[in-house]
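An overview of the molecular structure
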Amino acid sequence: MGFGSYDESEQQNGTVSEDEEAEGISVHEDEREGEVHFESDASTDDLVDQLAEIKARDEDDAEE
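Below, the structure is looked at part by part. (Residues numbered from 1 in each chain as written. Predicted model: local features only at pLDDT ≥ 70, side-chain atom pairs only at ≥ 80, totals over all residues. Heavy atoms only, no water.)

The secondary structure content of the chain amounts to two helices and zero strands. Here the chain, with 64 residues, has 0% of them falling under the buried criterion. About 7,200 Å² of surface is accessible on the chain, with carbon and sulfur atoms providing 45% of the total. (Helix = DSSP H or I, 4+ residues; strand = E, 2+ residues; numbered from the N terminus. Buried < 20%, exposed > 50% of the residue type's maximum accessible area, 1.4 Å probe, protein only. Areas by Shrake-Rupley, 256 points an atom, 1.4 Å probe, with all protein chains shown as cover.)

Take a look at the structure:
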């Protein structure tokens with residue numbers, strides 16, 4: 001077999017034995033509850049202007 005090829009016979013039986021323990025992924029493993037607070041001297045208008053500048057830069061970068 002060459003690089004990247006596989007044995008098709010391995011793909012035909014897709015059942016899993018009940019004896020085998022399948023490790024799943026816990027989507028709640030790193031879940032956190034809480035609040036985040038921060039203070040800023042910038043006004044809402046300043047922050048909106050900064051966001052507009054970031055979006056304009058991203059659009060310029062996407063066009064290149």
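Now that the structure is up, let's keep going.
Take the environment of His37 next. In this structure, His37 sits in the loop between α1 (8-12) and α2 (44-63). One polar contact links His37 to Glu35, side chain to side chain, over a distance of 3.0 Å. (Polar contact = N/O pair within 3.5 Å; in protein donor to acceptor, adjacent residues only side chain to side chain.)

Our focus in this paragraph is a negative patch on the surface. A surface patch of like charges, here negative, comprises Asp58, Glu59, Asp60, Asp61, Glu63 and Glu64. Note that Glu59 resides in helix α2. (Patch = residues over 30% accessible without salt bridge, like charges linked within 9 Å, V, L, I, M, F, W, Y side chains within 5 Å. Salt bridge = Lys/Arg side-chain N within 4 Å of Asp/Glu carboxyl O. Lys, Arg positive; Asp, Glu negative; His and termini not counted. Charge placed at Lys NZ, Arg CZ, Asp CG, Glu CD.)

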